[in-house]
Amino acid sequence: MKLVFFGAAHAVTGSCHCLEVNGKKILIDCGLQQGRDEFDNRVLDFAPGDIDHVIVTHAHIDHSGRVPLLVKLGYTGQIHTTRLTARLMNIMLRDSAHIQESEAEWQNRKGGRAGAAPVEPLYTLADTEQALRQLAVVEYGQTVTLCEGVQVRFTDAGHLLGSACVEIWATEGGVTKKLVFSGDIGNVDQPVIRDPQPMEQADYVIMESTYGDRDHEPPESYTQALAQLIDETFARGGNVIIPSFAVGRTQELLYFIREIKSAGLVRSCPDFTVCVDSPLAAEATKVYAGDLHGYLDEEAIALVQGGEDLFTFPGLKLVHTSEESRQLNMDKTSKIIISASGMCDAGRIRHHLKHNLWRPECAVVFVGFQGEGTLGRRLLDGAASVKLFGEEIAVKARIVNFKGLSSHADRTHLIAWAQQFAPKPEHIFVVHGDSEVTEIFAQTLRELGLAAHAPLYEEVYDLAANTVLAKGIVREKKRTSGGVSAPSPAFRRLEEVGRQLVQAISRSRGRPNKDLARFADQLKLLLDKWEK
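Residues numbered from 1 in each chain as written. Predicted model: local features only at pLDDT ≥ 70, side-chain atom pairs only at ≥ 80, totals over all residues. Heavy atoms only, no water.

Asker: What is the right way to read the overall build of the chain from this model?
Answerer: Along the backbone of the chain there are 15 helices and 23 strands. The C-alpha atoms of the chain give a radius of gyration of 25 Å, which matches the 24 Å a tight globule of 532 residues would have. Projecting the C-alpha coordinates of the chain onto the three principal axes gives extents of approximately 80 × 70 × 45 Å. The 532 residues of the chain split such that 52% are buried. For the chain, the proportion of contacts with a sequence separation of at least 24, taken over those separated by at least 6, is 73%. (Helix = DSSP H or I, 4+ residues; strand = E, 2+ residues; numbered from the N terminus. Rg over C-alpha atoms; globule rule 2.2 N^0.38 Å. Buried < 20%, exposed > 50% of the residue type's maximum accessible area, 1.4 Å probe, protein only. Contact = heavy atoms within 4.5 Å.)

Here is the structure:
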């Protein structure tokens, strides 16, 4: 009986763990490595055809994003998850496949001219559709027998609609051990979804530590604060622009705005319009507005039983096409625009910022973490101007940061979650956190009298003997020449274009001077416009 760590070991993303029992291999999550955690998403550290069962804790891409690749490379078994996780995976994995195909198409279109070898997408829509056909849906509290000696139960993790902690009872050679995989542990007192549900016993716990070194700031009354900001902005004739992640955060905002409208808290424009300008968010909102039986908190259940619709209200507009998105900025009526991406580095939100940042009557509201180097962080840090689509845009709009709105448990609640088990677990494995954070939180648990450590990549642990069989390895982070984290696909695309540009310049030697001058002027104009 062994446990192997193939992902999210000393890293936040790329969740992937493998439990081996009675000769069967059970994969818990198969997520994309993202940002500074990315090494090579194309390489799986095991033979997909050797995997017997797959469990997905929730739909976020860092937990589910390589499931279509797993299927593409030969996995033919079932993929067990909750009903609403399956519905969200249907949306999010299709969107991810579209991104993979578009990226490969772009690289092949440009690279073909230089004779570069064709690039395959990580996976295709067809791969995703096959993976979705292999989903096996369960409900919270339902016990499922995966194979001889292995039973599984999903418990509400309170992180995202459908998210689960996974309890596994494994028996081999007459020895039974209970494992709990936390997935991502939710924050408390979030709208709609329940707090993480308690569990009482486990021999081994594999738990996340994203916020294992810090607590969230004390929450504020988002309904009152947001209503006041909307009221003041509309009174000045401006728009409220909210960069937001499409799944989870956008739906929370709609829940708050429904409360605001219902209570009549915006007096300057009580019938205001709310535009959700993200096809992915629009599709996810339909899931949130569907059958949520067994997934809601008590307040939400009471509202539904009273005939309330949690996420729709008069004035809500779901925007799908690019043309509809452009028209939002042609309409001078004050409105709320919620759009992706949440950190403003891609997507339709950049167009809305271009049209609204320079207007002092408008407001830009951030409701999530803004990473270093992102446009969102620059705006929060007080940038006087930013470049968008080659144009310098003055920042005159009001910039507001709603801190503390997080779907992850913080340090205090992670500790409380780890201490709920009685008797104490034989061992706790700390995963899903920055390398330094996993070590800090493991030390915190040890100081509280709990046996714990942060496993390295590819560590193998003997669960029957409660000992390490093979130590893992430290994966050196990919770095660019500037010493920053692994480049994104967009940056790699930019680098490839740069190489093609250098080749084009070299091939231009000997051409007429007037052609060379015109080429140089065009490049200089582009560089002058580019955001440095």
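Asker: Explanation requested: the side chain of D184 in the structure shown.
Answerer: Relative to the helices and strands, D184 is located in the loop between β10 (175–181) and β11 (204–208). Owing to a relative accessible area of 4%, D184 belongs among the buried residues under this scheme.

Asker: Looking at this model, I keep getting lost on the sheet that holds strand β8 (residues 150–156). Mind explaining?
Answerer: Picture the strands of a sheet paired through backbone hydrogen bonds; they go either parallel or antiparallel. An order of β7-β8-β9-β10-β11-β20-β21 is seen for the seven strands of this open sheet, with the pairing classed as mixed. Both outer strands of the open sheet, β7 (143–147) and β21 (452–453), are each paired with one neighbouring strand and no more. In this fold helix α12 (residues 411–418) packs onto β9 (164–172), β10, β11 and β20 (427–431), with an angle of close to 170° to the strand it touches most, β11. Packing against the sheet, helix α13 (residues 435–447) makes contact with β11, β20 and β21, and its axis sits at approximately 155° to β20. (Pairing = 2+ DSSP bridges. Axes fitted to C-alpha atoms, helices over the stretch in contact; angles between N-to-C directions.)

Asker: It is not clear to me how empty space enclosed by the protein should be interpreted in this structure. Could you clarify?
Answerer: Over the atoms rolls a probe the size of a water molecule, and its path tells where empty space is left. Tallying each qualifying case throughout the model produces three cavities of 30 Å³ or more. Approximately 50 Å³ is the volume attributed to the largest cavity. If you trace the largest cavity, you find it lined by S15, H17, I28, D29, T57, F181, S182, G183, I206, E208, V431 and H432. Across the lining of the largest cavity, the residue classes break down as four nonpolar, six polar and two charged. (1 Å grid on protein atoms, 1.4 Å probe; cavity = no way out; pocket = protein on both sides within 12 Å on 5 of 7 lines; lining within 4 Å. Points joined across faces, edges and corners; volume = space filled by probe spheres on them. Nonpolar A, V, L, I, M, F, W, Y, C, P; charged D, E, K, R; others polar.)

Asker: Which parts of the structure should I look at to understand helix α4 (residues 125–133)?
Answerer: Owing to its 3.6 residues per turn, the α-helix aligns residues three or four sequence positions apart on the same side. Regarding α4, the residues found buried are D127, T128, A131 and L132. What you see down the axis of α4 is that its buried residues fit within an arc of 135°, all on one side. For α4, the elements touching its buried residues are α2 (67–72), β5 (79–82), α3 (83–111) and β6 (135–138). (Arc of directions from axis to C-beta.)

Asker: Just to check I follow, could you spell out the sheet that holds strand β22 (residues 460–462) for this structure?
Answerer: Pairing is mixed in the open sheet, where eight strands are placed in the order β6-β5-β4-β3-β2-β1-β22-β23. At either margin of the open sheet sits one strand with a lone partner, and together these are β6 and β23 (467–470). Recorded for the sheet is a direction-independent mean angle of 25° between the axes of neighbouring strands. Running over the sheet, α3 touches β5 and β6 and is turned about 110° from β5.

Asker: I keep staring at the packing of aromatic side chains and nothing clicks. Help me out?
Answerer: Here a ring pair, both rings aromatic, is described through the centre-centre distance and the interplanar angle of the planes. This structure, assessed with the given rule, holds nine aromatic pairs. Where F5 meets F429, the ring centres are 5.3 Å apart and the plane angle is 45°; that geometry is what we call tilted. Taken together, the positions of F5 in strand β1 (residues 2–7) and F429 in strand β20 put the pair 424 residues apart, joining distant regions of the chain. F429 carries the same exposure label as F5, and that label is buried. An aromatic cluster is defined as three or more aromatic residues linked by ring pairs; in this entry it consists of F5, Y204, F429 and Y461. (Phe/Tyr/Trp six-rings, centres within 6.5 Å; stacked < 30°, edge-to-face > 60°.)

Asker: For this particular structure, what's the right way to read unusual backbone geometry?
Answerer: In most cases, non-glycine residues show a negative phi, while peptide bonds are predominantly trans. A cis amide bond, omega 0°, links A422 with the succeeding residue P423. With respect to the helices and strands, the residue P423 is situated in the loop between α12 and β20. Here A8, not a glycine, exhibits a phi torsion of approximately 55°, which is positive. Structurally, the position occupied by A8 is in the loop between β1 and β2 (16–21).

Asker: Looking at this structure, how should I read the environment of T444?
Answerer: Along the chain, T444 falls in helix α13. Judged by relative accessible area, T444 falls into the buried class, the value being 9%. A C-alpha to C-alpha distance of 8.8 Å links T444 and G212, two positions 232 residues apart in sequence. Aside from chain neighbours lying at most four places away, what touches T444 is R411 and I415.

Asker: Is there a simple way to think about the packing of helix α6 (residues 249–263) against helix α7 (residues 279–288) in this case?
Answerer: Helix-helix packing: each pair is described by the crossing angle between the helix axes and the interaxial distance. In contact at an axis separation of 9 Å, α6 and α7 are set at 65° when each is read in the N-to-C sense. Considering how the two elements wind past one another, α6 and α7 form a crossing that is right-handed. When α6 is examined against α7, the residues T250, Q251 and L254 are found in contact with a partner set consisting of A281, A284, T285 and Y288. (Left-handed = near helix turned anticlockwise from the far one by under 90°.)

Asker: When you look at α7 in this model, what are you seeing that I'm missing?
Answerer: Burial analysis of α7 places seven of its 10 residues in the buried class, which makes it a mostly covered element. Of the positions making up α7, those classed as buried are L280, A281, A282, A284, T285, V287 and Y288. Considering only its buried residues, α7 is in contact with α3, α6, β13 (273–277) and β14 (316–319).

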